[in-house]
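Geometric and topological summary
Residue-level listing of the chains:
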Amino acid sequence: MTQLAMVMNLDKCIGCHTCSVTCKQAWTNRPGTEYVWFNNVETRPGQGYPRTYEDQERWRGGWVRDRRGRLRLRDGGRFAKLLRIFANPKMPSINDYYEPWTYDYDNLLSAPLGDQMPVAPPRSLISGAPMTIEWSANWDDDLGGSPEIVPDDPVLKKVNEQVKLELEQTFMFYLPRICEHCLNPSCVASCPSGALYKRSEDGIVLVDQDRCRGWRMCVSGCPYKKVYFNHKTGKAEKCTFCYPRVEVGLPTVCSETCVGRLRYIGLVLYDADAVTAAASVEKETDLYEAQKALILDPNDPQVIAAARAEGIPDDWIEAAQRSPVYALIHEYQVALPLHPEYRTMPMVWYIPPLSPVVDAVARDGHDGEDLGNLFGALSALRIPMQYLAGLFTAGDTAVVEAALRRLAAMRSYMRDINLGRPTQPHIPESVGLTEEQVYNMYRLLALAKYDERYVIPTAYPATVPGAVEEAGCSLDFEGGPGMYESGPFGEASGDPVPVAVETFHALRHRQTSGGMAANASRPSRVNLLNWDGRGVPAGMFPDAEST
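Summarised in this report is the structure supplied together with it. The model shown is predicted, which means the values in this text are computed figures rather than measured ones. (Residues numbered from 1 in each chain as written. Predicted model: local features only at pLDDT ≥ 70, side-chain atom pairs only at ≥ 80, totals over all residues. Heavy atoms only, no water.)

1. Details of helix α15 (residues 324-331)
The condition that has to hold: The rule is simple: take the accessible area with a 1.4 Å probe, protein chains only, and divide by the maximum for that residue type; under 20% is buried, over 50% is exposed, in between is partly exposed. Each helix corresponds to a stretch of at least 4 residues labelled H or I by DSSP, and each strand to a stretch of at least 2 residues labelled E; elements are numbered beginning at the N terminus.
Among the eight residues of α15, six are classified as buried, and the element is accordingly described as predominantly covered. Within the span of α15, buried status applies to Pro324, Val325, Tyr326, Ala327, Leu328 and Ile329. One or two residues past the end of α15 sits Gln333, with phi positive at roughly 55°.

2. Quick word on unusual backbone geometry
Leaving glycine out, the prevailing phi sign among residues is negative, and the prevailing peptide bond configuration is trans. Between Arg44 and Pro45 the backbone carries a cis peptide bond, its omega angle lying at 0°. For Pro45, the position within the fold is in the loop between β2 (40-44) and α2 (56-59). Phi at His181 takes a positive value of approximately 45°, unusual for a residue other than glycine. Within the fold, His181 resides in the loop between β7 (173-177) and α7 (186-190). The exposure class assigned to His181 is buried, which follows from its relative accessible area of 2%.

3. Some details on the sheet that holds strand β1 (residues 2-9)
Strands pair in a sheet through their backbones, by hydrogen bonds, and they do so in one of two ways: parallel or antiparallel. Selection criterion: Pairing between two strands requires that DSSP report at least two bridges joining them.
Across the sheet, which stays open at both edges, the four strands sit in the order β12-β1-β14-β13 with mixed pairing between neighbours. Because the sheet does not close on itself, it has two edges, and the strands there are β12 (263-269) and β13 (336-337). With seven bridges connecting them, β1 and β12 associate as antiparallel partners. By the bridge assignment, Val7 is partnered in β12 with Tyr264.

4. Topic: the pairing of β2
Taken across its five residues, β2 has five buried, putting it largely inside the fold. The two faces of β2 match: Asn40, Glu42 and Arg44 on one face and Val41 and Thr43 on the other face are all buried. By the bridge criterion, five bridges tie β2 to β7 in an arrangement that is antiparallel. Counted as the bridge partner of Arg44 is Phe173 from β7.

See below:
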């Protein structure tokens, strides 16, 4: 089967939150979703969003392996869910997210004349009452490394006591998070009404708004807490991987607008029959290798033949062969999954941060890109290897160290090239790579162009089973975002409604005549933000004869 996956290079994230804001504007800028962030950027070390979501002893998310070696939902099976279907205590409250607020701007305009400047006090968007702001998404950004925040970090609690949490010695890094669109999603298994489902054509996990009954078991079942409840509509909502965009070959909104260009999107082929066995391995530290083994080599003739036998079109196979995600996971082995110990087989991977190591070495007066200095500094990280391993490898520090050594070797090797000096072949050999692989990894991580970072096959109705041009939106309901009642392809698709600017790229390839060729039988209004000048409906301009 095929899976759209993402890799984020944490070395390049500057914590600007542009991805969060643009996602918010595209998907959750509606009543009932004020606290909902499909994409958020967390400061590490920190508590995350919602607070301490990684504490599964408290929230009971993900899967566990029982004594017989079988997977069981940590939150309980069908009978346990039935007993508390009307009252679910294992779920974050609004205080664990934050109580959304607005400001009483009318007070600025209507306040009587006085000696003091009027202010706009915060008011709750839930109750309308005055409130004191105490918590919000990305709140750790202002308190990163603070002794009041860091000790409650669930990952940091697992690190041994020799690590000192002194503020002046702690460095921070940013961790952007979206839904993991897992191969073994516990949210899908937790839903009593079967509203959550994983698309067979590309692996994106969505919520069927018609079937959702608001039980919120999916919120409890997701260990990443990336399913949210809309208290206005009574439905669950989550990241959609911007599927109306990726179906026409465009990257997700968070990727498109990322300032640091740290996100990579690509297609991978995986063995669907082996997912359960991989997620059921006994040792948690073996889960990374088990998950990596699920992702098949798209250049293997046997894999290609099996993919074609399953109806996967050749252009999708070609996209998998050019996938930057596969290269970063398998060829260069620098991308790691987030919390594989949850056994959901997450498909958003991360390249661990190396920059603070370089800065720390250079600050002490040493060469920050010398291979010996870098390798020696990796074992003395202020945010230690155990912390990164707690995030990405279920505690296996050897895997994290190997990834960081490859990144360090790339920097040291490329410095010689940039300074015009002879290369040192022993540097890539020391980390199991060739000189060509190191150079290609550098090109991908530092210089990759748009079409190299985003290799997304287009969904064609003729080749993808079940895909139709006028596909419905999973969030298409009263007050829902984005598509309303039209199709996902803009002004020439569906009924006359406003359309998004990004559909211009899709329309550019479809409007090739003087008329509305894509929807000639039902001509619609033209949004001038999207109009490319080629599709001109009747009546848009006055006739020359009438004037």
